[in-house]
Amino acid sequence: QVQLVESGGGSVQTGGSLRLSCAASEGAYRKYYMGWLRQAPGEERQGVAAIESDGTTDYADSVKGRFTVSQDRGQNTLYLRMSALKPEDTGMYYCAADVGALSDRCLGLSPDTYNYWGQGTQVTVS
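Structure report, in brief. This is a predicted model, so every value here is computed, not measured.

In this section: unusual backbone geometry. One non-glycine residue, asparagine 76, adopts positive backbone phi at about 55°. With respect to the secondary-structure elements, asparagine 76 resides in the loop between β7 (67-72) and β8 (77-82). Positioned with a positive phi, alanine 84 is a non-glycine residue whose angle comes to about 50°. Overall, the relative accessible area of 37% leaves alanine 84 in the partly exposed class.

Quick look at the nonpolar core now. Of all hydrophobic cores here, the largest spans 27 residues; its most connected members are Met34, Trp36, Leu80, Met82 and Tyr93. Elements with a contribution of two residues or more to this core: β3 (18-24), β4 (32-39), β5 (46-52), β7, β8, β9 (91-99) and β11 (121-125). Counting residues per element, this core draws most heavily on β3, which supplies 4 residues. With sequence-adjacent residues up to four places away left out, methionine 34 is seen in contact with Leu4, Cys22, Ala49, Ala50, Ile51, Leu78, Cys95, Ala96, Ala97 and Tyr114. Core analysis: the second largest hydrophobic core is formed by 7 residues, Tyr33, Ala96, Leu102 and Tyr114 among them.

Okay, the state of the cysteines next. All told, the structure shown has 1 disulfide when counted by the stated rule. Covalently, cysteine 22 is tied to cysteine 95 through a disulfide, its sulfur atoms 2.1 Å apart. Residues cysteine 22 and cysteine 95 are joined by a disulfide whose S-S torsion is about -75°; by sign, that bridge is left-handed. Here the residue cysteine 22 occupies a position in strand β3, and cysteine 95 occupies one in strand β9, the gap between them amounting to 73 residues. Looking at cysteine 95, the relative accessible area reads 0%, which means it is buried. Sulfur of cysteine 106: no disulfide; nearest cysteine sulfur belongs to cysteine 95 and is 20 Å away.

A few words now on the packing of aromatic side chains. Applying the stated criterion across every chain, the model contains 3 aromatic pairs. Geometrically, the ring pair formed by tyrosine 114 and tryptophan 117 is edge-to-face, given 6.1 Å between the ring centres and 75° between the ring planes. Residue class for tyrosine 114 comes out buried when judged on its relative accessible area of 5%. For arginine 45, the ring lying beneath its charged end belongs to tyrosine 94, and the centroid distance is 3.7 Å. The ring of tryptophan 117 is capped by arginine 45, whose NZ or CZ atom sits 4.8 Å from the centre of that ring.

Here is what the cut-offs are and how they apply
- Residues numbered from 1 in each chain as written.
- Predicted model: local features only at pLDDT ≥ 70, side-chain atom pairs only at ≥ 80, totals over all residues.
- Heavy atoms only, no water.
- Helix = DSSP H or I, 4+ residues; strand = E, 2+ residues; numbered from the N terminus.
- Buried < 20%, exposed > 50% of the residue type's maximum accessible area, 1.4 Å probe, protein only.
- Core = buried A, V, L, I, M, F, W, Y, C linked by side-chain atoms within 4.5 Å.
- Contact = heavy atoms within 4.5 Å.
- Disulfide = S-S within 2.5 Å.
- Phe/Tyr/Trp six-rings, centres within 6.5 Å; stacked < 30°, edge-to-face > 60°.
- Lys NZ or Arg CZ within 6 Å of the ring centre and 35° of its normal.

Rendered as structure tokens:
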């Protein structure tokens, strides 16, 4: 069982920046993938960014060039650096993870890919 805890959400003005963090309880897996997914009110949960244990990343088209996902393996922590924020970025941001390797990189942006989830952290842009 993997436990994930997100932090760093808040309210920012359009054009501002935030960095979200996700602390994972397990860090000994050789192969894994993690992602950030968000859910706006009245909408389905959608993938924002994903990263695999080898460092490969993927991003939703709507955030490319503005968001950066990274990891600190020594601290078992996942980050999402967000800049040039827009009101459309508003939502509950969830950290997710699973063990293994993605057969297709784009699967990292699919909520159905993940078995482990954090509680979410709210991001509001206005």
